Amino acid sequence: MQFEINDYKSELSDTEILEDIKRVASGINTDYIPISTYKKLGKYSQTAIQNHFGTWVNALTLAGLRSKRTAKELKRISDEEYYADLKRVAELINSTTVPYDSYKRYGTYSCEHIIKRFGKWNTALQQAGLEETGFSKERISEQQCFDEIERMWRVLGRQPTTTDIIKGGISLFSIDTFKRRFGGWRKALEAFVEYINQNDTDTAVDNDGARDFVNTAKSEAVTEKAVSNDTVEANETNLEKDYVAKQKKHRTSRNVNTRLRYKVLQRDHFKCCACGASPAKDPAVELHVDHIVPWSNGGETELNNLQTLCSKCNLGKSNCL
């Protein structure tokens, strides 16, 4: 038997995947294909698609196909199919439960449709034989509520309403969760706006930070034991050097927190700065907050270095880097 090395295959491109998705759709004469169908007829894996496009919805949109099922198509999905896919994702992430965001990334179906079918996310998990996410009513914090309001606002491209939560099934938490914590949905929105308008001190280092850091350390050293002035001065110099060295590359964290992300989206009117796309006009649009000067190239996580991009434009930008 003769053994040979397979021919070298260059790195898979976005175009190759998109063309294959269109090929499968054309072959079965449809403008929408679920990922389960593509897995049977397509060339590439679900992992490859997720690595290139993030979600199946993004891939369909970029391929020029319909990205959502019709009501008739949704009814054909059985509870058992939902259960099986939840279990698949749980196995994929090596967990006994499936958080909402994890399923949104790896799942075959829409999170919103699952909530609409079963009423609550944890109900679907329980019926699938999985554990709840742990977000019980008693444990849901104020910050988690604010994060969820921000996520809904970003997905919708506008202020979320009780109708979006009750009938639209867009929220990870029930409307009662917000009512119990804040006294009502309107009060929850008011608390969220107050939270957003607070000064955000987590994203930048105060100009006097090095001096305050040094003075505190110096004071603690003198309190512990008496030392000579020369020793204190030497320690002060070393502390300043250490602090400057740590802060030299970046003054801010790479992650964009909820408060800052919302400020960017609000400033940009919940529209893509490149193409003007908005989820308020097209529900398939997914908005991201992106660094204008990449963080890896020294860009800071600050309002003036952040912009709103749709997933398509953000992906295009990444391909150009």
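Residues numbered from 1 in each chain as written. Predicted model: local features only at pLDDT ≥ 70, side-chain atom pairs only at ≥ 80, totals over all residues. Heavy atoms only, no water.

What to know about the packing of helix α12 (residues 175–182) against helix α13 (residues 185–196)
Contact geometry for α12 and α13: axes closest at 8 Å, N-to-C directions at 70°. As judged from the angle between their axes, α12 and α13 are roughly perpendicular. Where α12 crosses over α13, the two elements pack in a sense that is left-handed. On α13, the residues touching I175, F178, K179 and F182 of α12 are W185, K187, A188 and A191. For the contact of α12 with α13, the per-class residue count stands at 6 nonpolar, no polar and 2 charged. (Axes fitted to C-alpha atoms, helices over the stretch in contact; angles between N-to-C directions. Helix = DSSP H or I, 4+ residues; strand = E, 2+ residues; numbered from the N terminus. Parallel < 35°, antiparallel > 145°, perpendicular 65-115°, else oblique. Left-handed = near helix turned anticlockwise from the far one by under 90°. Contact = heavy atoms within 4.5 Å. Nonpolar A, V, L, I, M, F, W, Y, C, P; charged D, E, K, R; others polar.)

Details of unusual backbone geometry
One non-glycine residue, N94, adopts positive backbone phi at about 55°. Along the polypeptide, N94 turns up in the loop between α6 (79–92) and α7 (100–106). On the basis of relative accessible area, N94 is assigned to the exposed category, the value being 72%. The residue F270 is not glycine, and still its phi comes out positive at about 55°. Relative to the helices and strands, F270 is located in the loop between α16 (258–267) and β1 (287–291). (Buried < 20%, exposed > 50% of the residue type's maximum accessible area, 1.4 Å probe, protein only.)

A few points about the nonpolar core
Core analysis: the biggest nonpolar cluster contains 34 residues, and I149, M152, W153, F178, F182, W185 and F192 have the highest contact counts within it. Where this core is concerned, the elements lending two or more residues are α10 (142–156), α12, α13, α16, β1 and β2 (306–310). Sort the elements by how many residues they give to this core and α13 lands first, with 7 residues. The contact partners of F182, leaving out residues within four places of it in the chain, are E142, C145, F146, K187, A188 and A191. (Core = buried A, V, L, I, M, F, W, Y, C linked by side-chain atoms within 4.5 Å.)

What to know about the pattern of salt bridges
Applying the stated criterion to the full structure yields 13 salt bridges. When the shortest N-O distance is used, the salt bridge between R23 and D20 registers 2.7 Å. One end of the pair, R23, and the other, D20, are both in helix α1 (residues 14–27), 3 residues apart, so they sit about a helical turn from each other. Its relative accessible area of 40% is what places R23 among the partly exposed residues. Taking the relative accessible area as the measure of exposure, D20 reaches 3% and is therefore buried. The shortest N-O distance in the salt bridge between R251 and E302 comes to 2.8 Å. Of the two residues, R251 sits in the loop between α15 (229–247) and α16 while E302 sits in the loop between β1 and β2, which places them 51 residues apart along the sequence. Judged by its relative accessible area of 37%, R251 falls in the partly exposed class. Within the structure, one salt-bridge network assembled from shared partners comprises D31, R66 and E73. (Salt bridge = Lys/Arg side-chain N within 4 Å of Asp/Glu carboxyl O.)

Some remarks on the pairing of β2
Counting buried residues along β2, 5 of its 5 residues qualify, which places the element largely inside the surrounding structure. Residues L306, T308 and C310 point to one face of β2 and Q307 and L309 to the other, with burial holding for every one of them.

Describing the confidence of the model for the protein
If pLDDT is low for a region, its predicted coordinates should not be looked at in detail. Model confidence for the protein is summarised by a mean pLDDT of 79, while 78% of its residues fall at 70 or above. Within the protein, no element has a lower average pLDDT than helix α14 (residues 209–224), which sits at 42, and none a higher one than β2, at 94. Scored below 50 in pLDDT, residues 201–228 shows 27 contacts in the model against residues more than four places distant or in partner chains. (pLDDT = per-residue confidence, 0-100.)

A short note on helix α8 (residues 111–118)
Buried within α8 we find C111, E112, I114, I115 and F118. For α8, the arc enclosing every buried residue in end-on projection is 160°, short of the 170-degree limit, so these residues lie on one face. Turning to α8, the residues buried within the fold contact α6, α7, α9 (121–127) and α10. (Arc of directions from axis to C-beta.)

Points about the state of the cysteines
All told, the structure shown has 0 disulfides when counted by the stated rule. Of all cysteine sulfurs in the structure, the one in C313 sits closest to C310, which takes part in no disulfide; the separation is 3.6 Å. (Disulfide = S-S within 2.5 Å.)

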